[in-house]
Amino acid sequence: MSHSVEIRIASDADTASKNVAEEFAKALQLKPSIVLGLATGGTPVGVYQQLVSLYQAGKISFQQCTTFNLDEYVGLGPDHPQSYRYFMQTNLFDHIDIAAGQTFVPDGVSNSIQDSCADYEEKIQSFGGIDLQLLGIGENGHIAFNEPGSDSNGRTNVVDLTENTISANSRFFESIEEVPRQAVTMGIGTILESKRIILMATGRNKAEAIARALEGEPGDDSPASFLTTRENITFVLDQDAASRLSGPTIRRTKEIL
Ligand code: PGA
């Protein structure tokens, strides 16, 4: 494993969320025009709650900032309650002072989805790239919707979801049949170009994926393992997600109380 990866282990998920939110808040204070990369799913909900509280307390403003989300389901429009655009509006954007035109989420209902993927890449570049990217991890080691086997240089594209991902995400839908089979996702190459990355994972169901990502050689069986090939990457874990790490890895972690 690359020793440039910083690992923080928190006593619980709330503490992990607070730690990540504080880092986002500091980055915003330092550079109000920051370009943030944002994630959806169960993991970042606590981070967004913290950021909304910090905004309400007058500690941070998103007025000058721009955001790019990692991914979106193919076929779900912005008004669909399970779309990632809807998730972002209801969990964060509707509660803060960010300008509507400054929040970007891949378009899952475009008529020419390949063109809109290329446009998304260009848009990120036009804002100077992503300064700080928040990531979750799948039980199978995916980052965004880059499933095992994905190209480590991949760009924003349409991908097929694996059965594991469809089943893991079915908890948000009425039934598993309603989970889209495809998504638009930033590629691993796109993600790796972010200037700083924080991967957050909580819960025992992520422990295996975390151990594989951080230990052993980077390989396409674990998309998250490619993160260890770069600088300026931090994994923020709760104790459950860290529970399968080996002694040597644990010994070089930072504890967050
Ligand atoms: P989760 O998803 O936060 O809902 O566990 C994370 C992911 O699949 O990347």
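Our structure is the block above this text.
Small disclaimer: the values here were computed from a predicted structure and weren't measured.

About the cut-offs
Residues numbered from 1 in each chain as written. Predicted model: local features only at pLDDT ≥ 70, side-chain atom pairs only at ≥ 80, totals over all residues. Heavy atoms only, no water. Pairing = 2+ DSSP bridges. Helix = DSSP H or I, 4+ residues; strand = E, 2+ residues; numbered from the N terminus. Axes fitted to C-alpha atoms, helices over the stretch in contact; angles between N-to-C directions. Contact = heavy atoms within 4.5 Å. Core = buried A, V, L, I, M, F, W, Y, C linked by side-chain atoms within 4.5 Å. Buried < 20%, exposed > 50% of the residue type's maximum accessible area, 1.4 Å probe, protein only. Lys, Arg positive; Asp, Glu negative; His and termini not counted. Salt bridge = Lys/Arg side-chain N within 4 Å of Asp/Glu carboxyl O. Polar contact = N/O pair within 3.5 Å; in protein donor to acceptor, adjacent residues only side chain to side chain. Near = heavy atom within 4 Å. Areas by Shrake-Rupley, 256 points an atom, 1.4 Å probe, with all protein chains shown as cover. Nonpolar A, V, L, I, M, F, W, Y, C, P; charged D, E, K, R; others polar. Right-handed = clockwise from strand over helix to strand, strands pointing away. Parallel < 35°, antiparallel > 145°, perpendicular 65-115°, else oblique. Left-handed = near helix turned anticlockwise from the far one by under 90°.

Draft legend 1. Summary view of the sheet that holds strand E8 (residues 182–185). Strands sit in the order E4-E8-E7 across an open sheet of three strands; the sheet is antiparallel. Lying at the two open borders of the sheet, with one neighbouring strand each, are strand E4 (71–73) and strand E7 (157–160). Pairs of neighbouring strands in the sheet enclose a mean axial angle of 30°, with direction left out of account. Note that E7 and E8 share four bridges and pair antiparallel. When the bridges of E8 are listed, Val158 appears paired with Val184. Contacts between helix H4 (residues 113–126) and the sheet are confined to E7 and E8, with E7 contributing the most and set at about 120° to the helix.

Draft legend 2. View of the nonpolar core. In terms of nonpolar packing, the biggest core is built from 65 residues, with Leu199, Leu227 and Phe235 touching the most fellow members. Counting residues per element, this core draws most heavily on helix H1 (residues 13–30), which supplies seven residues. Excluding anything up to four places from it in sequence, Leu199 contacts Leu135, Gly136, Ile137, Ile143, Ile210, Ala224, Leu227, Thr234, Phe235 and Val236. If you look at the next biggest cluster of nonpolar residues, it comprises 10 residues, including Leu76, Val159, Ile166 and Ala183.

Draft legend 3. Quick look at the side chain of Arg230. On the secondary structure map, Arg230 appears in the loop between helix H7 (207–214) and strand E10 (233–238). It turns out Arg230 is buried and unbridged, and the closest side chain with the opposite charge, Glu231, is 8.2 Å from it. Of note is the side chain of Arg230, whose polar atom sits 2.5 Å from the backbone oxygen of Leu192. Excluding residues that lie within four positions of it along the chain, Arg230 makes contacts with Ser4, Ile191, Leu192, Glu193, Ser194, Lys195, Arg196 and Ile197.

Draft legend 4. Layout of the site of the ligand. The full set of residues close to the ligand is Gly41, Gly42, Thr43, Gly136, Ile137, Gly138, His142, Arg171 and Lys206. A distance of 2.4 Å is found between an oxygen atom of the ligand and a side-chain nitrogen or oxygen belonging to Thr43. Relative to its unbound accessible area of 280 Å², the ligand is 85% covered by the protein chains. Considered class by class, the residues forming the shell around the ligand number one nonpolar, six polar and two charged.

Draft legend 5. Structural view of the pairing of strand E3 (residues 66–69). Alternating positions in E3 separate into two faces, Thr66 and Phe68 on one and Thr67 and Asn69 on the other, with burial throughout. Bridge count for strand E2 (residues 35–38) against E3 is four bridges, and the pairing is parallel. Directly across from Gly37, in E3, lies its bridge partner Phe68. A crossover links E2 with its parallel partner E3, the connecting element being helix H2 (residues 45–56), and its sense is right-handed.

Draft legend 6. Structural detail: the environment of Ile130. Assignment of secondary structure puts Ile130 in the loop between H4 and strand E6 (132–135). Here Ile130 falls in the buried class, since its relative accessible area comes to 2%. Ile130 sits 54 residues away from Val184 along the chain, and the two C-alpha atoms are 18 Å apart.

Draft legend 7. Quick look at the packing of H1 against H2. At a closest axis distance of 8 Å, the pairing of H1 and H2 adopts a crossing angle of 50°. By the angle class used here, H1 and H2 are oblique. Here H1 and H2 pass one another in a crossing that is right-handed. Contacts from Ser17, Lys18, Val20, Ala21, Phe24 and Ala25 in H1 reach Gly46, Val47, Gln50, Leu51 and Leu54 in H2.

Draft legend 8. Quick peek at the sheet that holds strand E11 (residues 254–256). Read from one edge to the other, the open sheet built from eight strands follows the order E5-E3-E2-E6-E9-E10-E1-E11, with strand pairing classed as parallel. Among the strands making up the open sheet, the edge pair consists of strand E5 (103–104) and E11. Packing of H1 onto the sheet brings it into contact with strand E1 (5–10), E2, E6, strand E9 (196–201), E10 and E11, and relative to E9 it is tilted by some 165°. Relative to the sheet, H7 contacts E1, E9 and E10, its axis offset from that of E10 by approximately 155°.

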